[in-house]
Amino acid sequence: VQLQASGGGSVQAGGSLRLSCAASGRTFSIYVMAWFRQAPGKEREFVASIIRNEGNTNYADSVKGRFIISRDNAKNMVYLQMSSLKPEDAAVYYCASARSSVAIIGNGVNAYDYWGQGTLVTVSS
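Computed from a prediction, not measured in an experiment: that's the story for all the values here.

(A) Quick peek at the packing of aromatic side chains. As enumerated under the stated definition, the model contains 5 aromatic pairs in all. Three or more aromatic residues link up through ring pairs in this structure, and these residues are Phe36, Phe46, Tyr94, Tyr112 and Trp115. Over the face of the ring belonging to Tyr94 we find Arg44, whose NZ or CZ atom lies 3.7 Å from the ring centre. The ring of Trp115 has Arg44 lying over it, and the distance from NZ or CZ to the ring centre is 4.9 Å.

Next up, the structure:
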């Protein structure tokens, strides 16, 4: 599976951005897709996930009510609509995929098999 993230950019606090992740290759093997982020000097952290078939979603508390993850299976795309952005949302955002349902338990980085290259989001106050 190959993942290509895009859509990052610079936005003022309170603004919105939509990230996209295109999946290719053995996409039929994907169970769940997720977005993680990593700010400078910090560990990579879970943001949101979506189960590819059922569409069940999960969010980090820090983004609940502001971010929405969605998918278009026909296009092998996953999106992250980010609204009411805060300076603390600034990070490199990565999309990831996992073949196993274990990934949705704990949302750990190590449970994900494939990663995109990351897209930078900057938020100015």
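Next comes the rest of the account.
(B) Focus on the environment of Leu17. Within the secondary structure, Leu17 sits in strand S3 (residues 17-24). Looking at Leu17, the relative accessible area reads 16%, which means it is buried. Sequence separation between Leu17 and Leu85 is 68 residues, and the spatial gap between their C-alpha atoms is 8.3 Å. Setting aside residues up to four positions removed in sequence, Leu17 forms contacts with Gly7, Gly9, Val11, Leu80, Gln81, Met82, Leu85 and Val121.

(C) The arrangement of the nonpolar core in detail. Of all hydrophobic cores here, the largest spans 37 residues; its most connected members are Trp35, Leu80, Met82 and Tyr93. Those elements that place two or more of their residues in this core are strand S1 (2-6), S3, strand S4 (32-38), strand S5 (45-51), strand S7 (67-72), strand S8 (77-82), strand S9 (91-98) and strand S11 (119-124). Look past the residues within four positions of Tyr93 in its chain and what remains in contact with it is Leu19, Trp35, Phe36, Arg37, Val47, Phe67, Leu80, Met82, Gly118, Thr119 and Val121.

(D) Expanded view of the environment of Leu85. Note that Leu85 resides in the loop between S8 and S9. Leu85 sits in the buried class, given a relative accessible area of 2%. Here the alpha-carbon distance between Leu85 and Phe28, two residues 57 residues apart in the chain, equals 33 Å.

What counts, and at which threshold
Residues numbered from 1 in each chain as written. Predicted model: local features only at pLDDT ≥ 70, side-chain atom pairs only at ≥ 80, totals over all residues. Heavy atoms only, no water. Phe/Tyr/Trp six-rings, centres within 6.5 Å; stacked < 30°, edge-to-face > 60°. Lys NZ or Arg CZ within 6 Å of the ring centre and 35° of its normal. Helix = DSSP H or I, 4+ residues; strand = E, 2+ residues; numbered from the N terminus. Buried < 20%, exposed > 50% of the residue type's maximum accessible area, 1.4 Å probe, protein only. Contact = heavy atoms within 4.5 Å. Core = buried A, V, L, I, M, F, W, Y, C linked by side-chain atoms within 4.5 Å.

Treat this as a map of the structure, not an account of what it does.
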